[in-house]
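Okay, here's what each chain looks like letter by letter:
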Amino acid sequence: MSPGAAGHGQDEGSGTPFPSIPLLPVEAVPARYPGRWASAIVCLVLVALLARAFVESPHIQWPAVAEYLTAEAVLNGLWLTIILTFAAQAIGIVGGIVLATMTISPNPVLKSVAGAYIWLFRGTPALIQIIFWFNIGLIFPDIFLGIPWTDIGIKVETNVVITPLIAAVIALGLNEAAYMSEIVRAGIISIDRGQSEAAAAIGLTHGQSMRYVILPQAVRTIIPPTGNELIGMLKNTSLVSVISAQELLTSVQQIYAMNFLTIELLIVASIWYLVMTTIATVAQGYLERFFDRGARRPARAGIAPLLRALFGRAGRRMGGGAHQ
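A quick note: this is a predicted structure, and the numbers were derived from the prediction, not measured. (Residues numbered from 1 in each chain as written. Predicted model: local features only at pLDDT ≥ 70, side-chain atom pairs only at ≥ 80, totals over all residues. Heavy atoms only, no water.)

(A) Fine view of the overall build of the protein chain. Helices and strands together make up the secondary structure of the protein chain, namely 12 helices and four strands. Split into buried and exposed, the 324 residues of the protein chain put 29% on the buried side. Excluding contacts between residues fewer than 6 apart, the proportion of contacts in the protein chain whose partners are at least 24 apart in sequence is 67%. Surface exposure of the protein chain reaches about 21,300 Å², of which carbon and sulfur atoms provide 68%. (Helix = DSSP H or I, 4+ residues; strand = E, 2+ residues; numbered from the N terminus. Buried < 20%, exposed > 50% of the residue type's maximum accessible area, 1.4 Å probe, protein only. Contact = heavy atoms within 4.5 Å. Areas by Shrake-Rupley, 256 points an atom, 1.4 Å probe, with all protein chains shown as cover.)

In structure tokens form, the structure reads like this:
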């Protein structure tokens, strides 16, 4: 008997007719997860209690937070933080591309030099590197620009050239180049080897194939971790406070050293760091979507997908209940 037959059927073994079972519509009941909602409620309650205790604390002067949020010294430090971030990240990206090209080069000397550089700068803390570059004048008191082994040229004191700002940019940029080199290298080796062979087949040199064929395709893989490195660089600029560069953290430290509003000024700095990292995260998302045209990638994690998942699911359930 066919699966959709109606009326009476017949047993194939005995030939005895039997009544067919009427086909009823299947009503799918969504699974219930009470534990998931209970844990979410507990989490929200704990967060609300913590936020309330923090906001209503009598030991935090919130009017002072609002006052210093737009203070001139704080805004000047904020602007310097932005300059440091982009200058050091630019050095890191350019240096990372050069080092990544050297590491995959068939030249053993270039490969060894790049490997030693990455080993050195990834193996030592960024804080030590910042202090080292700030005190580079102890090793090289003067900087000579001219013809080697002659007196023809210009000699200047190192401490005049290597200011706290320059030392911070050099230290953060060279340190970032070691990490960016691994990101760029991973993006390059993710491209199929046939692309390099095709570029060589049409007469392109190794450098030309890297510039016109490999790197443009590797950008889509390189962008997400580079965005993370930029956000990390934004926060790592706070390390230059040890050499008194007048960035955001140093600015608020100098203020609370005079008025003793330590917590309030640290809250001000945290708010501005959160604003900058949020803007960088949003920009990274737009940049990823721009380079992902024609390719599909899983959606990035964030607060927006979580809200859509929670409220969208609740709305569907309410709509389904009203429809029934």
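So, next bit.
(B) Structural view of the nonpolar core. Ranked by internal contacts, the top residues of the largest apolar core, which has 21 residues, are Tyr68, Val74, Leu248, Val252 and Leu265. Of all the elements in the fold, those that place two or more residues in this core are α2 (62-68), α3 (72-103), α10 (248-259) and α11 (262-291). Broken down by element, this core gets its largest block of residues, seven residues, from α11. Setting aside anything within four residues of it in sequence, one finds Val74 in contact with Tyr68, Leu69, Leu248, Val252, Ile255, Val268 and Trp272. Grouped together as the second largest cluster of nonpolar side chains are 14 residues, Leu84, Ala168, Val169 and Ala245 included. (Core = buried A, V, L, I, M, F, W, Y, C linked by side-chain atoms within 4.5 Å.)

(C) Structural view of the packing of helix α9 (residues 206-236) against α11. Between α9 and α11, the least distance of the axes is 10 Å, while the angle of their chain directions is 175 degrees. Classed by the angle they form, the pair α9 and α11 counts as roughly antiparallel. Seen from α9, the contacting residues are Val219, Arg220, Ile223, Pro224, Gly227, Asn228, Ile231, Leu234 and Lys235; seen from α11, they are Tyr273, Met276, Thr277, Ala280, Thr281, Gln284, Leu287, Glu288 and Phe291. Grouping the amino acids of the contact of α9 with α11 by side-chain chemistry returns 10 nonpolar, five polar and three charged. (Axes fitted to C-alpha atoms, helices over the stretch in contact; angles between N-to-C directions. Parallel < 35°, antiparallel > 145°, perpendicular 65-115°, else oblique. Nonpolar A, V, L, I, M, F, W, Y, C, P; charged D, E, K, R; others polar.)

(D) Fine view of the pairing of strand β4 (residues 153-157). Little of β4 is tucked away: zero of the five residues are buried. Across five bridges, the pairing between strand β3 (residues 142-146) and β4 is antiparallel. Pairing of Ile143 across the sheet is with Val156, part of β4. Following β3, the chain reverses through six residues before pairing antiparallel with β4; Trp149 in that reversal takes a positive phi of roughly 60 degrees. (Pairing = 2+ DSSP bridges.)

(E) Representation of a nonpolar patch on the surface within the structure. Together, Ile41, Val42, Val45, Leu46 and Leu49 make up a nonpolar patch on the protein surface, roughly 470 Å² of accessible area in all. Topologically, Leu49 is positioned in helix α1 (residues 34-55). Taking the relative accessible area as the measure of exposure, Leu49 reaches 52% and is therefore exposed. (Patch = residues over 30% accessible without salt bridge, like charges linked within 9 Å, V, L, I, M, F, W, Y side chains within 5 Å. Salt bridge = Lys/Arg side-chain N within 4 Å of Asp/Glu carboxyl O.)

(F) Focus on the pattern of salt bridges. Summed over the entire model, instances satisfying the criterion amount to four salt bridges. Glu197 is the salt-bridge partner of Arg193, the closest N and O atoms lying 3.9 Å from each other. A residue pair is termed a helical-turn pair when its members lie 3 or 4 positions apart in one helix, as Arg193 and Glu197 do in helix α8 (residues 193-201) at four residues. Take Arg193: its relative accessible area is 67%, and that puts it in the exposed class. Connected via shared salt-bridge partners are Arg122, Glu182 and Arg185.

(G) Geometry of the packing of aromatic side chains. Throughout the structure, instances matching the rule amount to three aromatic pairs. Where Phe54 meets Trp62, the ring centres are 5.7 Å apart and the plane angle is 75 degrees; that geometry is what we call edge-to-face. Both rings, one in Tyr117 and one in Phe121, keep their centres 4.3 Å apart while their planes meet at 25 degrees; by these two values the pair is stacked. In this pair, Tyr117 and Phe121 both sit in helix α4 (residues 108-123), four residues apart, roughly one turn of the helix. Take Phe121: its relative accessible area is 13%, and that puts it in the buried class. The lysine or arginine in question, Arg289, covers the ring of Tyr286, its NZ or CZ lying 4.7 Å from the ring centre. (Phe/Tyr/Trp six-rings, centres within 6.5 Å; stacked < 30°, edge-to-face > 60°. Lys NZ or Arg CZ within 6 Å of the ring centre and 35° of its normal.)

(H) Geometry of the side chain of Thr81. Tracing the chain through its elements places Thr81 in helix α3. Beyond its immediate sequence surroundings of up to four residues, Thr81 is in contact with Leu234, Thr237, Glu247, Leu248, Tyr273 and Met276.

(I) Here's a closer look at the packing of α10 against α11. The geometry of α10 relative to α11 is characterised by a closest axis approach of 8 Å and an angle of 165 degrees between their N-to-C directions. Comparing their axes, α11 and α10 come out roughly antiparallel. The way α10 lies across α11 gives a crossing that is right-handed. Residues Leu248, Leu249, Val252, Ile255, Tyr256 and Asn259 of α10 form the contact with α11, whose own contacting residues are Thr262, Leu265, Leu266, Ala269, Trp272, Tyr273 and Met276. For the contact of α10 with α11, the residue count by class is 11 nonpolar, two polar and no charged. (Left-handed = near helix turned anticlockwise from the far one by under 90°.)

(J) Molecular detail of the layout of surface pockets. The volume enclosed by the largest pocket comes to roughly 550 Å³. Lining the largest pocket we find 24 residues, and of these Phe86, Gln89, Thr226, Gly227 and Leu230 sit closest to its centre. Those elements giving two or more residues to the lining of the largest pocket turn out to be α3, α7 (164-189), α9 and α11. Counting residues per element, the lining of the largest pocket draws most heavily on α9, at 10 residues. In the lining of the largest pocket, the residues fall into 19 nonpolar, five polar and no charged. (1 Å grid on protein atoms, 1.4 Å probe; cavity = no way out; pocket = protein on both sides within 12 Å on 5 of 7 lines; lining within 4 Å. Points joined across faces, edges and corners; volume = space filled by probe spheres on them.)

Shape descriptors only; they carry no functional weight alone.
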